[in-house]
Amino acid sequence: MTSKSVGIIGSGAWGCALAHAFSIAGNEVMLWGRSTETVNEINESHENKIYLKGLTLDNGIIATTNLESVCETDILVLAIPTQQIRHVSRTIQQYIKSNTPVISSAKGFELKTGRLISEILAETLTNTKIGILSGPTFASEVITGWPTAATFAMQDQSFATRLAEKLSSTSFRLYTSDDIIGVQVGGAVKNIIAIACGVASGQGFGENTRAAIVTRGLAETARLATALGGNAETLAGLSGLGDFLLSCTSRKSRNFKFGELLGTGHSPQEALKHMQGVVEGFHSAKPVFERANKLNIDLPICFSVNSILAGNTDVSTSIRRLLNRPIRNE
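Being a predicted model, the structure only gives us computed values, none of them experimental. (Residues numbered from 1 in each chain as written. Predicted model: local features only at pLDDT ≥ 70, side-chain atom pairs only at ≥ 80, totals over all residues. Heavy atoms only, no water.)

Focus: the overall build of the protein chain
Put simply, the rule is: Put simply, DSSP H or I for four residues or longer makes a helix, DSSP E for two residues or longer makes a strand, and each gets a number counted from the N terminus. Radius of gyration here uses only the C-alpha atoms, and the compact-globule reference equals 2.2 Å multiplied by the residue count raised to the power 0.38. Relative accessibility thresholds used throughout: buried, under 20% of the residue-type maximum; exposed, over 50%; partly exposed, between the two (1.4 Å probe, protein chains only). Throughout, a contact is declared for two residues whenever any of their heavy atoms are within 4.5 Å. His is not counted, nor are the chain ends, whereas Lys and Arg count as positive and Asp and Glu as negative. Here the site of a charge means atom NZ of a Lys, CZ of an Arg, CG of an Asp or CD of a Glu.
Secondary structure summary: the protein chain contains 15 helices and 8 strands in total. Over its C-alpha atoms the protein chain spans a radius of gyration of 19 Å, differing by no more than 12% from the 20 Å that the globule rule assigns to 330 residues. With respect to the three principal axes, the spread of C-alpha positions in the protein chain is 60 × 40 × 35 Å. Evaluated residue by residue, the protein chain yields a buried proportion of 57% over its 330 residues. Long-range pairs, those at least 24 residues apart, make up 70% of the contacts in the protein chain with a sequence separation of at least 6. Positive and negative side-chain charges in the protein chain, numbering 30 and 28 respectively, have mean positions lying 5 Å apart.

Set out below in structure tokens:
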């Protein structure tokens, strides 16, 4: 692969972080944003003051509002929320060159259909190679240059390895996997488990409780991943355990912070008003609940979070039910 052009759709915190990382790695990066103000800000001052104030983006990044020009690059990355994937992928299909790798960095299930992102892209795009980028990554730390590692999943492993080498740098490393399902389930469900950890924190519970939620949450994630065709072993890696450790223990995590607000008495809608950016776990809880029910899989923590978000039970009742589940073999 001789060309080094990377197009990124989405100029939020994560889109900017990926643009920065890939530019640092020596690629020609074009970043698409809907806001003319944000695009001009990135081009002129190399900053996104809304999401990443005070952090300087690599000056090699070219930002634009022209969607077609971004899609003409050799690698296309979708750094947009899960619920926007279907609409955007349908829009860009007309612009994408044949066999262009399309990589999604979102983490979630589609609310209306319960589909994973790879399933959405398979329905909406033709003649493309689909990849998933997921792992324990905070945008601000990527831009700061702190060592970061993530998983890059694609069915064609030799092609994935070449892409990973192209997009990696000394501070941002991609490790490949052929388990495109397991990687997605890990990234999506950890958002729901992070909400549960936040709820427990907001209720005043300690580290023991959080450790129990993370551990049992990983077990739930593995059950769902294997039922959907993924591998349980994947959940021991960056897109599973690694992402859980990050999102379930830090207030930098939007999902954890959202859950903490729920735990202190805020309603879901009130909590959302305090958040900057999308809370993916809020949108994924219902489709995970519905898909797990169809597969006859018991996911107690995920189901409890969904019940709280749907207004079917209060936080204290849900916590009590989780703590008083029947004793059985782990």
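Quick look at empty space enclosed by the protein
Cut-off, in case you're wondering: The method works on a 1 Å grid over the protein atoms by themselves. A cavity is a set of points holding a 1.4 Å probe that cannot get out, a pocket is an open set with protein on both sides within 12 Å along at least five of seven lines, and residues with an atom within 4 Å of a point line them. Grid points are joined across faces, edges and corners, and a volume is the space filled by probe spheres set on the points. Just so you know the grouping, Ala, Val, Leu, Ile, Met, Phe, Trp, Tyr, Cys and Pro go in nonpolar, Asp, Glu, Lys and Arg go in charged, and all remaining residues, Gly too, go in polar.
Per the counting criterion, the structure on display carries 1 cavity of 30 Å³ or more. There is about 70 Å³ of room inside the largest cavity. In terms of lining residues, the largest cavity is bounded by Ala-196, Val-199, Ile-213, Ile-301, Ser-304, Val-305, Ile-308, Ser-318, Ile-319 and Leu-322. The set of elements that each furnish at least two residues to the lining of the largest cavity consists of helix H8 (180-202), helix H14 (300-309) and helix H15 (315-323). By residue number, the principal contributor to the lining of the largest cavity is H14, which donates 4 residues. When its residues are assigned to classes, the lining of the largest cavity shows 8 nonpolar, 2 polar and no charged.

Re helix H7 (residues 157-167)
In an α-helix, one turn spans 3.6 residues; hence positions three or four apart end up facing the same way. Short version of the rule: The directions from the helix axis to the C-beta atoms form the arc being described.
Considered for burial, the residues of H7 that qualify are Phe-159, Ala-160, Leu-163, Ala-164, Lys-166 and Leu-167. What you see down the axis of H7 is that its buried residues fit within an arc of 160°, all on one side.

Quick look at the packing of aromatic side chains
This is how the line gets drawn: Here a Phe, Tyr or Trp ring, Trp counted by its six-membered ring, pairs with any other such ring whose centre lies within 6.5 Å, and the pair is stacked when the planes are under 30 degrees apart, edge-to-face when over 60, and tilted otherwise. In our convention, an over-ring charge means Lys NZ or Arg CZ found within 6 Å of a ring centre and within 35 degrees of that ring's normal.
A complete count under the given rule lists 3 aromatic pairs for this structure. On the basis of an interplanar angle of 80° and a centroid distance of 5.0 Å, the ring pair of Phe-289 and Phe-303 is categorised as edge-to-face. You can see Phe-289 sitting in helix H13 (residues 280-294) and its partner Phe-303 sitting in helix H14, a full 14 residues away along the chain. The exposure class assigned to Phe-303 is buried, which follows from its relative accessible area of 17%. One cation-aromatic arrangement involves Lys-129 over Phe-159; the distance from NZ or CZ to the ring centre is 5.2 Å.

A closer look at the packing of H8 against H14
This is how it is decided: Axes here mean lines fitted to C-alpha atoms, for a helix over just the part in contact, with angles spanning 0 to 180 degrees between N-to-C directions. What sets the label is the angle itself: under 35 degrees gives roughly parallel, over 145 gives roughly antiparallel, 65 to 115 gives roughly perpendicular, and the rest give oblique. Handedness of a crossing follows from how the near helix is turned relative to the far one, being left-handed for an anticlockwise turn of less than a right angle and right-handed for a clockwise one.
One can describe the packing of H8 onto H14 by two numbers: an axis separation of 9 Å at closest approach and a directional angle of 70°. In terms of orientation, H8 and H14 fall into the roughly perpendicular class. With respect to the hand of their crossing, H8 and H14 are arranged in left-handed fashion. On the side of H8, the interface is formed by Val-189, Ile-192, Ile-193, Ile-195 and Ala-196, while H14 contributes Ile-301, Cys-302 and Val-305.

Some details on the packing of H8 against helix H11 (residues 254-263)
It is the contact of H8 with H11, at a shortest axis distance of 6 Å, that shows an interaxial angle of 40°. Of the possible angle classes, the one that applies to H8 and H11 is oblique. Considering the relative orientation of H8 and H11, their crossing is right-handed. Within the contact between the two elements, H8 uses Asn-191, Ala-194, Ile-195, Cys-197, Gly-198, Val-199, Ser-201 and Gly-202 and H11 uses Asn-255, Phe-256, Phe-258, Gly-259, Glu-260, Leu-262 and Gly-263.

Section: the layout of surface pockets
Put simply, the largest pocket is a space of about 1,200 Å³. As for the largest pocket, its lining consists of 46 residues, and the residues nearest its centre are Ala-13, Trp-14, Arg-254, Gly-277 and Val-278. At the level of secondary structure, the elements contributing two or more residues to the lining of the largest pocket comprise helix H1 (13-24), strand S6 (128-134), helix H6 (139-144), H8, helix H10 (238-247) and H11. For the lining of the largest pocket, the per-class residue count stands at 16 nonpolar, 21 polar and 9 charged.

Re the side chain of Ser-118
Basically, it comes down to this: Polar contact is defined as a pair of N or O atoms within 3.5 Å, subject to the rule that within protein one atom must be able to donate a hydrogen and the other to accept it, and that residues adjacent in sequence are counted only when both atoms are side-chain atoms.
Examined against the element boundaries, Ser-118 turns out to sit in helix H5 (residues 117-124). A distance of 2.8 Å separates the side chain of Ser-118 from the side chain of Gln-184, its partner in a polar contact. In this structure, Ser-118 is in contact with Ile-130, Ile-132, Ile-180, Ile-181 and Gln-184, ignoring residues within four places of it in sequence.

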